[in-house]
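# Observations on chain architecture
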Amino acid sequence: MGRTVLGIIGGSGLYQLDGLERTRWESVPSSFGAPSDALLFGELAGVDLVFLPRHGRGHVLAPSEINYRANIDALKRAGVTDVISISACGSLREDLHPGHFVLVDQFIDRTYARAKTFFGRGFVAHVSMAHPVCPKLVDALARAADAEGIQCRRGGTYVVMEGPQFSTLAESKLYRAWGMDVIGMTNLQEAKLAREAEICYATLALVTDYDCWHPDHDSVTVDMIIGNLMQNARTAQQAIATAVGRLTAPRSCACKDALATAIITRPEAVPAQTKKDLAPIIGKYMK
C-alpha cells in the first residue's frame, strides 16, 4: 500500500484540528459539478490530511442539496486514500445516549432524491456494498477511541433519511422495530461513492439526541443538536489525532480494488468523454 492521505468529511469544530500544520484552502474542480466547499489541506502527525466541510462553511447546504459525487471525486483527485466521515445522528436505542460515539458498519437507505453513483453514460459497474465500511479503518478508529477512553460502540446500523425534516413519530418507531441503531441524513451516499472510487471509508457517528420515539425527546431542536455536536467535536478530534498514527502502517483491504471485478462495459464501448470524466476513478482499468 502506498502513502496514506487521510480525508475528513465533517462540520463545525473539525477543521480546527489541534496540531494541523501547513494548512491551505484550495478549490478542487470536479467533473460532477461543484463540491460543497474548497478543501483544507494540511498535515497532522506527519500524515497528509484533507478536510471537506460537508455542508459548506457556515452550513449552507441541506442534505439533499449536497453534491456527494463532486465531494468524493474532489477528494479522489486530491489523492485521498482513506476517508473518516464525522456525522451527527439521532439515537434509536435507549443505551446509545447523547454523547455516545458509534462506528457504523451497516446502512439502510431511505433517500430518494440523490445521485449515488459515478457510473452510467456508457459505463456500467456494480461494486459490492455487502460490507459498506472499511474494516481496517474502523479497527484503527476503534483502537484510537479505546486508547483515549472514549465511549464508542463498534458496529451499528445507520438509517439514512432524506430530510431535511426530522422523523415523524411513526417513522421513528418503525426504524426501532427494524432494529436500527442511529438515524441521519448523509452518510450512505458517501460510502457508496467512496467504494466506487476505491477509497477506504468509515463513519464515526456522534449521537446528539434521541430521535422522537423517546418520550423525553419528542421535540428535537437544532439548538439541542448543535450544542451536543460542539461538545463532541473535541472528543472526535482526539479520536482522529490518535487514529492518524495507526494509519501509517501497511494495510490491505478489498476497498482498494473494488472495481477490479465490478466493471461490465468493454473499454472500447465507453465514450471518450465518460472516460475523461471518470479518469481519476477508472484510469487504472482503462485508458
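In case you missed it, the structure is sitting above this.
Residues numbered from 1 in each chain as written. Predicted model: local features only at pLDDT ≥ 70, side-chain atom pairs only at ≥ 80, totals over all residues. Heavy atoms only, no water.

## Some thoughts on the side chain of T203
On the secondary structure map, T203 appears in strand β11 (residues 200–210). A polar contact of 2.7 Å, which involves the side chain of T203, links it to the side chain of N187. (Helix = DSSP H or I, 4+ residues; strand = E, 2+ residues; numbered from the N terminus. Polar contact = N/O pair within 3.5 Å; in protein donor to acceptor, adjacent residues only side chain to side chain.)

## Considerations on the packing of aromatic side chains
Scanning all chains against the criterion turns up five aromatic pairs. Between F32 and F118 the ring centres are 5.2 Å apart and the planes differ by 55 degrees, which places this aromatic pair in the tilted class. Here F118 lies in the loop between β7 (106–110) and α2 (135–147) and F32 lies in the loop between β2 (21–26) and β3 (39–44), a separation of 86 residues in the sequence. Judged on exposure class, the residue F32 and its partner F118 are both buried. For the ring pair F107 and Y158, a centre distance of 5.5 Å and an interplane angle of 55 degrees mean the geometry is tilted. Taken together, the positions of F107 in strand β7 and Y158 in strand β9 (residues 157–161) put the pair 51 residues apart, joining distant regions of the chain. Assessed through its relative accessible area of 9%, F107 is described here as buried. Take Y158: its relative accessible area is 0%, and that puts it in the buried class. Taking NZ or CZ as reference, R57 lies 3.8 Å from the ring centre of W25, over its face. If you follow R176 out to its NZ or CZ, it ends over the ring of W213, 3.7 Å from the centre. (Phe/Tyr/Trp six-rings, centres within 6.5 Å; stacked < 30°, edge-to-face > 60°. Buried < 20%, exposed > 50% of the residue type's maximum accessible area, 1.4 Å probe, protein only. Lys NZ or Arg CZ within 6 Å of the ring centre and 35° of its normal.)

## A look at unusual backbone geometry
Cis peptide bonds are those with omega within 30 degrees of zero, and the linkage from G163 to P164 qualifies with 5 degrees. Here P164 lies in the loop between β9 and α3 (169–177).

## Focus: the state of the cysteines
The final tally for this structure, using the stated rule, is zero disulfides. Between C253, a cysteine without a disulfide, and C200, which holds the nearest cysteine sulfur, the sulfur-to-sulfur distance is 3.3 Å. (Disulfide = S-S within 2.5 Å.)

## Here we look at the pattern of salt bridges
Throughout the structure, instances matching the rule amount to 19 salt bridges. With a closest N to O distance of 3.1 Å, E26 and R24 form a salt bridge. For E26, a relative accessible area of 32% translates into the label partly exposed. D277 serves as the salt-bridge partner of R121, at 3.0 Å between the closest nitrogen and oxygen. Taken together, the residues span a long stretch of sequence, with R121 in the loop between β7 and α2 and D277 in helix α6 (residues 272–277) at a distance of 156 residues. Connected through shared salt-bridge partners, R93, D95, R153 and D181 make up one network. (Salt bridge = Lys/Arg side-chain N within 4 Å of Asp/Glu carboxyl O.)

## Some remarks on the packing of helix α1 (residues 68–77) against helix α4 (residues 187–196)
Two measures define how a pair of helices packs: the angle their axes make with one another and the distance between the axes. Running from amino to carboxyl end, α1 crosses α4 at an angle of 45 degrees, the nearest separation of the two axes being 9 Å. Between α1 and α4, the angle falls in the class oblique. As for the relative orientation of α1 and α4, their crossing is right-handed in sense. Of α4, the residues touching α1 (which contributes Y68, R69 and I72) are Q189, E190, L193 and A194. Residue classes in the contact of α1 with α4 are distributed as four nonpolar, one polar and two charged. (Axes fitted to C-alpha atoms, helices over the stretch in contact; angles between N-to-C directions. Parallel < 35°, antiparallel > 145°, perpendicular 65-115°, else oblique. Left-handed = near helix turned anticlockwise from the far one by under 90°. Contact = heavy atoms within 4.5 Å. Nonpolar A, V, L, I, M, F, W, Y, C, P; charged D, E, K, R; others polar.)

## Details of the pairing of β3
Of all six residues making up β3, five are buried, and the element is well covered by its neighbours. The pairing of β2 with β3 spans four bridges and is antiparallel. Bridge pairing in β3 places E26 opposite L39. Relative to strand β4 (residues 47–53), β3 runs antiparallel, the two being bridged by five bridges. Within β4, the residue paired with L44 across the bridge is V47. Joining the antiparallel neighbours β3 and β4 is a turn of two residues, in which A45 adopts a positive phi near 55 degrees. (Pairing = 2+ DSSP bridges.)

## Some details on the environment of A34
You can see A34 is positioned in the loop between β2 and β3. Here the alpha-carbon distance between A34 and R69, two residues 35 residues apart in the chain, equals 9.3 Å. When neighbours within four sequence positions are excluded, A34 is seen to be in contact with N67 and A70.

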